[in-house]
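Breakdown of the fold
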Number of protein chains: 2
Amino acid sequence: MWRCANCHHVELAADRPNRCPVCGADAERLVPYEVTGVKGTKTLKNLKAGFIAESQAHLRNLAFAMKAEQEGYSHVARLFRAIAEAEAVHAFNHLRLLGAVSSTQENLESAFERENLASGAYPQFIREANEEDNTPIATVFSYSRDVERGHANLYKKALAHMMAERESDYYVCQVCGYVSDGVLPDQCPICGARKEKFRMVV
Amino acid sequence: MWRCANCHHVELAADRPNRCPVCGADAERLVPYEVTGVKGTKTLKNLKAGFIAESQAHLRNLAFAMKAEQEGYSHVARLFRAIAEAEAVHAFNHLRLLGAVSSTQENLESAFERENLASGAYPQFIREANEEDNTPIATVFSYSRDVERGHANLYKKALAHMMAERESDYYVCQVCGYVSDGVLPDQCPICGARKEKFRMVV
């Protein structure tokens, strides 16, 4: 992060911009800035709360955009997408101020750890949904559990080959979130969806 | 939502698909499905927890992808984007099972209500950041407060003109999330960023 010595704007980008995006001051007027001393403060709690709320608002707006497209309101869909993007800007700002974006290697390591935690929560969710006779919801939870395990493997592989100039296409199943590395499958190995349900990520 | 009478797959799409995406059964085998009787259950609590966790994972992965691009690891960036999309699929599934995606009119109304709640939380965040001498963080919170107010107005306008075939481009400030309706501003009215910091949403 960079603080402009001229206008006091805080630029959250990791790399020093060529000039201050607000007042236009030259790069040398942008001095490195770190958030320090927030441990245990209300500010830290609020940054986390902000990140959680903005993340949810982002996804909710994207879901509303899809619904608006289905209903033929493409202009409303575009508004929902625009506001989803704005919420993402806020979420990124909060995340960077929390110091949660590190080097790529560290990000891969922490993403790997988190996936293991995530897939660990789903078995209980599945059991409870079954106990409460919500079998279809248990099925959706089991998709997530299986898919998260696959993500952990992909992060691990990426860590091992980080320095390789490896070019791979990824295909994401829009039913269960399964990520296929390099191959468009005929059928999703997790939920069984057909190949038309996959989307390539660029 | 639709349940396949053939393979029991639950399709979360609002519109009935032409055939079951899993077993390929004809459309008439897909019967309407509603999640009922989850009020007060652990399943409901778990669906909400799942949505919150997946939303955060989605945004975290997108932030990691930007960082990987900056560091020149474009293949790792693509992996982060693919997994971000997978987390979004999970978040959408949970959201739909929660019954949180209604008609576009209702979605606009609930989005409007939520924005008012969101901008209402920021004044306290700003005050507390200032009290704790975290002025730059207070500034970032104030961006969010001002921007959320603008969102509420955009939703209101969209509600009033929902039936109009209004085509508008939206430009989103990548510094503070300000959404400009139809005009690329020379300078962001919220944070002062220059026009190069705006991205058009399609």
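Residues numbered from 1 in each chain as written. Chains lettered and ligands numbered in written order. Predicted model: local features only at pLDDT ≥ 70, side-chain atom pairs only at ≥ 80, totals over all residues. Heavy atoms only, no water.

What about the overall build of chain A?
Defined as follows: Strands are runs of DSSP state E lasting at least two residues, helices are runs of H or I lasting at least four, and both sets are numbered from the N terminus onward. When we talk radius of gyration, it's over C-alpha atoms, and the globule rule is simply 2.2 Å times the number of residues to the 0.38. In this scheme, a residue with accessible area under 20% of its type's maximum is buried, one over 50% is exposed, and one in between is partly exposed, where area comes from a 1.4 Å probe on protein chains only. Working rule for contacts: check all heavy atoms of both residues, and any pair within 4.5 Å makes them a contact. Surface exposure here means Shrake-Rupley accessible area, sampled with a 1.4 Å probe, where a residue is shielded only by the protein chains that are shown.
The secondary structure content of chain A amounts to four helices and six strands. Ordered by position in the sequence, the α and β elements of chain A form the string β-β-β-α-α-α-α-β-β-β. The C-alpha atoms of chain A give 21 Å as radius of gyration, which overshoots the globular expectation for 202 residues (17 Å, by more than 25%). Viewed in the frame of its principal axes, chain A has a C-alpha envelope of about 60 × 45 × 40 Å. For chain A, the proportion of its 202 residues judged to be buried stands at 52%. When contacts within chain A are restricted to residue pairs at least 6 apart in sequence, long-range pairs at least 24 apart make up 44% of them. Accessible surface for chain A amounts to roughly 9000 Å². Of this, 49% is attributable to carbon and sulfur atoms.

Describing the interface of chain A and chain B
Convention followed: Using a 1.4 Å probe, buried area is obtained as the accessible area two parts lose upon being combined, added over both of them. Within this document, salt bridges are pairs made up of a side-chain nitrogen of Lys or Arg and a carboxyl oxygen of Asp or Glu, the two lying within 4 Å of each other. Whenever a nitrogen or oxygen atom comes within 3.5 Å of another N or O atom, the pair is scored as a polar contact, on the condition that within protein one atom can donate a hydrogen and the other can accept it, and that pairs from neighbouring residues in sequence are kept only if both atoms are in side chains.
With 119 residues of chain A at the interface, the matching set in chain B holds 119 residues. Between chain A and chain B lies a buried interface of about 10000 Å² when both sides are counted; carbon and sulfur atoms form 59% of it. Taken as a group, L59, H75 and R78 of chain A account for 7% of the area that chain A buries against chain B, more than any other trio of residues on that side. The tally of links between chain A and chain B comes to six salt bridges. As a salt-bridge pair, D169 of chain B and R78 of chain A come within 3.3 Å of each other at their nearest N and O atoms. At the junction of chain A with chain B, the criterion picks out 35 residue pairs in polar contact (both at pLDDT 80 or more). Only β2 (10-11), α1 (42-70), α2 (74-97), α3 (104-131), α4 (135-160), β4 (170-173) and β6 (198-201) of chain A provide two or more residues apiece to the side of chain A that touches chain B.

Remarks on the environment of S103 of chain B
For S103 of chain B, the position within the fold is in the loop between α2 (74-97) and α3 (104-131). For S103 of chain B, a relative accessible area of 26% puts it in the partly exposed group. Taking the C-alpha atoms as reference, S103 of chain B lies 24 Å from E85 of chain B; in sequence the two are 18 residues apart. Discounting residues that sit within four places of it in the chain, S103 of chain B has contacts with K67 and E71 of chain A. In terms of polar contacts, S103 of chain B uses its side chain to reach the side chain of E106 of chain B, at 2.9 Å.

Side note on the sheet that holds strand β4 (residues 170-173) of chain B
How we decide: Paired strands, as defined in this entry, are two strands with at least two bridges between them according to DSSP. Only the contacting stretch of a helix is used when fitting its axis, a line to C-alpha atoms as for every element, and angles between N-to-C directions run 0 to 180 degrees.
Pairing within the open sheet is antiparallel, and its three strands lie in the order β5-β4-β6 (chain B). In this open sheet, the two strands that pair with only one neighbour each are β5 (179-181) and β6 (198-201) of chain B. Sheet twist, expressed as the mean angle between neighbouring strand axes with direction ignored, is 30°. Taken together, the three bridges between β4 of chain B and β5 of chain B define a ladder with antiparallel strand orientation. Residue pairing for β5 of chain B: Y171 of chain B is matched across the bridge by S180 of chain B. Along the sheet face, α2 of chain A touches β4, β5 and β6 of chain B and points at about 5° away from the line of β4 of chain B.

Concerning the packing of aromatic side chains
Two numbers describe a pair of aromatic rings. These are the distance of the centres and the angle of the planes. Short version of the rule: Working definition: rings of Phe, Tyr and Trp (its six-membered ring) pair if their centres are within 6.5 Å, and the pair is stacked with planes under 30 degrees apart, edge-to-face with planes over 60 apart, and tilted otherwise.
Considering all chains together, one arrives at twelve aromatic pairs over all chains under this definition. The interplanar angle of 45° and the centroid separation of 6.0 Å between the aromatic rings of F80 of chain A and Y155 of chain B together place this pair among those described as tilted. Here F80 of chain A is found in helix α2, whereas its partner Y155 of chain B is found in helix α4 (residues 135-160) on a different chain. For the pair Y122 of chain B and F125 of chain B, a centre-to-centre distance of 5.5 Å together with 80° between the ring planes defines the contact as edge-to-face. Placement of both Y122 of chain B and F125 of chain B in helix α3 is noted, with a separation of three residues, approximately one turn of the helix. In textbook terms, an aromatic cluster arises when at least three aromatic residues are bridged by ring pairs, as seen for F64 and F80 of chain A together with Y155 of chain B.

Structural notes on α3 of chain B
Definition in use: A helix is expected to reach a length of 1.5 Å times the quantity of its residues less one.
Taking 1.5 Å per residue as the helical rise, α3 of chain B with its 28 residues ought to reach 40 Å, and the 41 Å between its terminal C-alpha atoms agrees with that figure. Taken together, the buried positions of α3 of chain B are occupied by T104, N107, L108, A111, F112, E115, S119, Y122, F125, I126, E128 and A129 of chain B. Close packing links the buried residues of α3 of chain B with α1 and α2 of chain A together with α4 of chain B. Just beyond α3 of chain B, the residue with positive phi is D133 of chain B, at close to 60°.

Overview of the pattern of salt bridges
By the definition in use, this model includes 18 salt bridges over all chains. Put simply, E71 of chain A and K67 of chain A hold a salt bridge, and the shortest N to O gap is 4.0 Å. In this structure, the salt-bridge partner of R145 of chain B is D146 of chain B, at a minimum N-O distance of 2.9 Å. What makes D146 of chain B partly exposed here is its relative accessible area of 23%.

With respect to the side chain of H94 of chain B
Structurally, H94 of chain B can be placed in helix α2. Residues contacting H94 of chain B, with those up to four places away along its chain left out, are Y122, V140, F141 and S144 of chain A together with L47, G50, F51 and E54 of chain B.

Things to note about the sheet that holds β6 of chain A
Spatially, three strands are ordered β5-β4-β6 (chain A) in an open sheet, and the strand pairing comes out antiparallel. What marks the edges here is a single partner per strand, and that holds for β5 (179-181) and β6 of chain A. Put simply, the sheet's adjacent strands are angled 30° from each other on average, direction ignored. Summarising the sheet, β4 of chain A and β6 of chain A pair through four bridges and their orientation is antiparallel. The residue of β6 of chain A that forms the bridge with Y171 of chain A is M200 of chain A. Strand contacts of α2 of chain B: β4, β5 and β6 of chain A, with the helix running at about 5° to β4 of chain A, the strand carrying the most contacts.

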